[in-house]
Amino acid sequence: MTRKILVVYATKAGATAGIATAIGAELRRGGHEVDVCEASGAGPIAKYEAVIVGSAIYMRRWRPEAVDFLRMHVHELRDRQVWLFHSGPVGPDKDQAQAMPRKVARLARKIGAAPATTFAGRLEPETAKGFLAKRIAQGNLAADSREWLRIADWANDISSAISAVEHTP
Ligand SMILES: Cc1cc2nc3c(=O)[nH]c(=O)nc-3n(C[C@H](O)[C@H](O)[C@H](O)COP(=O)(O)O)c2cc1C
């Protein structure tokens, strides 16, 4: 059964946008109707039955646009299936799951969402934004560590979970 799903993301250098797009593509393959958009540009969410929210992590924090999105829609999100992810670790640390920032953990609890899944990120000189990021991207952390198969598997599990829920028009 086709469901309307929103995938919202917050990014600085584009890596998280790529992950959100891949999640959207997988959900569409599962037969769902999907919109993928930046957190700052997201419109009303009433028409969606499920929402996936993802953010890049910088200095252990989520991007403010993603936090604002959760905060702004906390009541509506409580009535929907919600999944969270964040994209961060790169290079040798790429497999280290990252804790949710306290603010985000608090919102996730209010919404009733499970803790965010960590996906490895990307930090490369060509895409890094800002002096510090460009500097770090010169070192041994520089890599595109995004794991497309893992991302597709995660989205696929979500696709099945959404299909399994009885439809309430
Ligand atoms: C200055 C700076 C700070 C970062 N801090 C973290 C961090 O605290 N935890 C983490 O897992 N990744 C951290 N990263 C890695 C980024 O989150 C990673 O590159 C991410 O994929 C970028 O996403 P974006 O391209 O969507 O902005 C940091 C990167 C930079 C440049």
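The structure presented is a predicted model; accordingly, all values stated were derived computationally and were not measured.

**A few points about unusual backbone geometry**
In this structure, Met-59 is a non-glycine residue whose phi angle is positive, near 50°. Within the element layout of this structure, Met-59 appears in the loop between strand S3 (50-58) and strand S4 (61-62). Here Arg-60, not a glycine, exhibits a phi torsion of approximately 65°, which is positive. Here Arg-60 shows up in the loop between S3 and S4. For Arg-60, a relative accessible area of 73% translates into the label exposed.

**Topic: the site of the ligand**
As a matter of local geometry, the ligand sits amid 21 residues, with Thr-11, Thr-16, Ile-57, Tyr-58 and Arg-122 nearest to it. A distance of 2.5 Å separates an oxygen atom of the ligand from a polar side-chain atom of Thr-11. Elements with a minimum of two residues in the shell around the ligand: helix H1 (15-29), S3, strand S7 (122-123) and helix H5 (131-136). The residue makeup of the shell around the ligand, split by class, is 11 nonpolar, seven polar and three charged.

**A look at a nonpolar patch on the surface**
A cluster of nonpolar side chains, Tyr-58, Met-59, Phe-131, Leu-132 and Ile-136, forms an exposed patch at the surface whose accessible area comes to about 560 Å². Of the residues forming the nonpolar patch, the biggest block, three residues, is contributed by H5.

**A short note on the UniProt feature "domain: Flavodoxin-like" (unreviewed entry) in the chain**
Within this structure's numbering, the places UniProt gives as "domain: Flavodoxin-like" (unreviewed entry) are residues 5-159. Across residues 5-159, helical content stands at 37% and strand content at 24%; the span's end C-alpha atoms are separated by 10 Å.

**Focus on H1**
Its 15 residues give H1 an end-to-end C-alpha distance of 22 Å, which sits within 8% of 21 Å, the value for a rise of 1.5 Å per residue. If you check which residues of H1 are buried, you get Ala-15, Thr-16, Ala-17, Ile-19, Ala-20, Ile-23, Gly-24, Glu-26 and Leu-27.

**Some points on the pattern of salt bridges**
Within the structure shown, the criterion is met by eight salt bridges. Measuring nitrogen to oxygen at the nearest pair gives 3.2 Å for the salt bridge that ties Lys-94 to Asp-95. In this structure, Asp-144 engages Arg-146 in a salt bridge whose closest nitrogen and oxygen atoms are separated by 2.8 Å. Given a relative accessible area of 34%, Asp-144 falls into the partly exposed group. Through salt bridges with shared partners, a single ionic network connects Lys-94, Asp-95, Glu-147 and Arg-150.

What counts and what doesn't
- Residues numbered from 1 in each chain as written.
- Predicted model: local features only at pLDDT ≥ 70, side-chain atom pairs only at ≥ 80, totals over all residues.
- Heavy atoms only, no water.
- Helix = DSSP H or I, 4+ residues; strand = E, 2+ residues; numbered from the N terminus.
- Buried < 20%, exposed > 50% of the residue type's maximum accessible area, 1.4 Å probe, protein only.
- Near = heavy atom within 4 Å.
- Polar contact = N/O pair within 3.5 Å; in protein donor to acceptor, adjacent residues only side chain to side chain.
- Nonpolar A, V, L, I, M, F, W, Y, C, P; charged D, E, K, R; others polar.
- Patch = residues over 30% accessible without salt bridge, like charges linked within 9 Å, V, L, I, M, F, W, Y side chains within 5 Å.
- Areas by Shrake-Rupley, 256 points an atom, 1.4 Å probe, with all protein chains shown as cover.
- Salt bridge = Lys/Arg side-chain N within 4 Å of Asp/Glu carboxyl O.
- UniProt positions renumbered as here; feature names shortened; annotations may be inferred.
- Expected span 1.5 Å × (residues − 1).

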